[in-house]
Amino acid sequence: MRYFCCMRMRLLSSFLYLLILAIHDATAQEDGRLFTGALILGANFTQIDGDDYYGYHRMGLNAGGMAYAHFTPGWGASMELLYSQKGSRGQTIVDYPGIGRYVSKYYMKLNYVEVPVMVHYITHKLDMEAGLSYALLLKSDEYVVASQSVTIDPERNRFNTTDINGIIGISRQAYKNFHLNLRFQYSALPIRPVERIPAGYVWGTRGQFNNMLALRVLYYF
């Protein structure tokens, strides 16, 4: 476990170094502007496909930085390093005759460090993007608040440590260096197989997948 954590930290350090180097190049090449850098701050609205709930009810942080390479006026590519919070939340209400109302609340919190690699097409002041992301799970938390005790075992019900997502999005300049970005992304592979999902909180047989909308502000420099 310690070896795996060290490897994750080394990988994160390498991505940080590459991102800082690219942003440094961006500021050093003001004439050509082959590279630009951006700071990112926004919110994720997420749900988990494969649990027993639906709706983008879980909100989390989406923050980090981006290095952007401009190949032509219409085409480019970017790499981001993000802290991204995903998960799910739901509520079940059942009215039992003669007993009353029974309410249970479910929470799943997943914290990732994520590296999206995107291709961009720019037209009519719109920046359209598509690509993939690789994410490492930093921390997970899953629990139920109910009148009856529900046990979720961190090992038996564990999540996969990585998540690969397909991404599409669109951006537009809002004011000077500030741009608004709307993004949708979805897990290409299950984040947890069906046999590790807690009993009573599973839907379907394919496992669970991150399903996310993100609204972000990008500041280019």
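Engineer: Help me get a handle on the overall build of the protein chain, residues and values and all.
Structural biologist: A tally of helices and strands in the protein chain yields one helix and eight strands. When the elements of the protein chain are put in sequence order from the N terminus, they spell out α-β-β-β-β-β-β-β-β. In the protein chain, 67% of the contacts between residues at least 6 apart in sequence involve partners at least 24 apart. Accessible area of the protein chain: about 12,600 Å², with a carbon and sulfur share of 63%.

Engineer: Tell me about the nonpolar core, and please be specific about residues and values.
Structural biologist: In terms of nonpolar packing, the biggest core is built from 13 residues, with Tyr106, Met108, Leu110, Tyr112, Phe159 and Ile191 touching the most fellow members. Among the elements of the structure, β4 (100-123) and β5 (126-145) are those that each provide at least two residues to this core. In terms of residue count, β4 provides more of this core than any other element does, four residues in total. With residues near it in sequence (within four places) discarded, Tyr112 still touches Leu82, Tyr83, Ser84, Lys86, Ala135, Leu136, Leu137, Leu138, Asp163, Ile191 and Asn210. Counting residues in hydrophobic clusters, the runner-up holds seven residues, among them Met66, Tyr68, Leu218 and Tyr220.

Engineer: Pulling in residues and values, what's your account of the side chain of Ser78?
Structural biologist: As for its placement among the helices and strands, Ser78 is situated in strand β3 (residues 75-96). Of note is the side chain of Ser78, whose polar atom sits 2.7 Å from the side chain of His120. Setting aside residues up to four positions removed in sequence, Ser78 forms contacts with Met66, Ala67, Tyr68, Pro116, Val117, Met118 and His120.

Engineer: If you had to explain a nonpolar patch on the surface to someone new, which residues and values would you point to?
Structural biologist: Nonpolar side chains collect at one region of the surface, where Phe45, Tyr56, Met59, Phe71, Trp75, Val119, Tyr121, Met128, Ile170, Leu182, Leu213 and Leu215 lie side by side and expose about 1,100 Å² of accessible area between them. Elements with a contribution of two residues or more to the nonpolar patch: β4 and β8 (209-220). Here Ile170 lies in strand β6 (residues 162-175). Residue classification places Ile170 among the partly exposed positions, given a relative accessible area of 33%.

Engineer: How would you summarise the side chain of His120 if you had to cite specific residues and measurements?
Structural biologist: By the element assignment, His120 lies in strand β4. A distance of 2.8 Å separates polar atoms of two side chains, one belonging to His120 and the other to Asp127. Apart from the residues lying within four places of it in its own chain, the contact partners of His120 are Tyr68, Gly74, Trp75, Gly76, Ala77, Ser78, Asp127, Met128 and Glu129.

Engineer: Any chance you could break down the packing of aromatic side chains for me, citing the residues and the numbers?
Structural biologist: Summed over all chains, the structure comprises eight aromatic pairs. Consider the rings of Phe178 and Tyr219, whose centres lie 4.9 Å apart with planes at 50°: the pair is tilted. Here the residue Phe178 occupies a position in strand β7 (residues 178-187), and Tyr219 occupies one in strand β8, the gap between them amounting to 41 residues. Taking relative accessible area as the criterion, Phe178 reaches 37% and is therefore assigned partly exposed.

Engineer: Tell me what's going on with unusual backbone geometry, and back it up with residues and numbers.
Structural biologist: At His124, a residue that is not glycine, the phi angle is positive and equals roughly 50°. If you trace the backbone, His124 turns up in the loop between β4 and β5. Of note in this structure, Lys125 is not a glycine but carries a positive phi near 65°.

Engineer: Residues and numbers for the pairing of β6, please.
Structural biologist: Along any regular strand, the residues point their side chains to alternate faces of the sheet. Bridge count between β5 and β6: eleven bridges; the pairing is antiparallel. From the neighbouring strand, Ala130 faces β6, where its bridge partner is Ile168. For β6 and β7, the ladder comprises ten bridges, and the chain directions are antiparallel. Paired with Ser171 across the strands is Asn181, a residue of β7.

Engineer: A description of the pattern of salt bridges should follow, citing residues and the corresponding values.
Structural biologist: Under the defined criterion, the tally for this structure stands at seven salt bridges. Among the salt bridges present, the one from Glu80 reaches Arg216, with a minimum N-O distance of 3.0 Å. Of the two residues, Glu80 sits in strand β3 while Arg216 sits in strand β8, which places them 136 residues apart along the sequence. The residues Glu80 and Arg216 share a single accessibility class, namely buried. Of the charged contacts, one joins Glu142 and Arg192 as a salt bridge, the two residues approaching to 2.8 Å between their closest N and O atoms. Of the two residues, Glu142 is situated in strand β5 and Arg192 in the loop between β7 and β8; the sequence distance between them amounts to 50 residues. Overlapping salt bridges, with partners in common, bring together Glu80, Glu129, Arg183 and Arg216 in one network.

Conventions we followed
Residues numbered from 1 in each chain as written. Predicted model: local features only at pLDDT ≥ 70, side-chain atom pairs only at ≥ 80, totals over all residues. Heavy atoms only, no water. Helix = DSSP H or I, 4+ residues; strand = E, 2+ residues; numbered from the N terminus. Contact = heavy atoms within 4.5 Å. Areas by Shrake-Rupley, 256 points an atom, 1.4 Å probe, with all protein chains shown as cover. Core = buried A, V, L, I, M, F, W, Y, C linked by side-chain atoms within 4.5 Å. Buried < 20%, exposed > 50% of the residue type's maximum accessible area, 1.4 Å probe, protein only. Polar contact = N/O pair within 3.5 Å; in protein donor to acceptor, adjacent residues only side chain to side chain. Patch = residues over 30% accessible without salt bridge, like charges linked within 9 Å, V, L, I, M, F, W, Y side chains within 5 Å. Salt bridge = Lys/Arg side-chain N within 4 Å of Asp/Glu carboxyl O. Phe/Tyr/Trp six-rings, centres within 6.5 Å; stacked < 30°, edge-to-face > 60°. Pairing = 2+ DSSP bridges.

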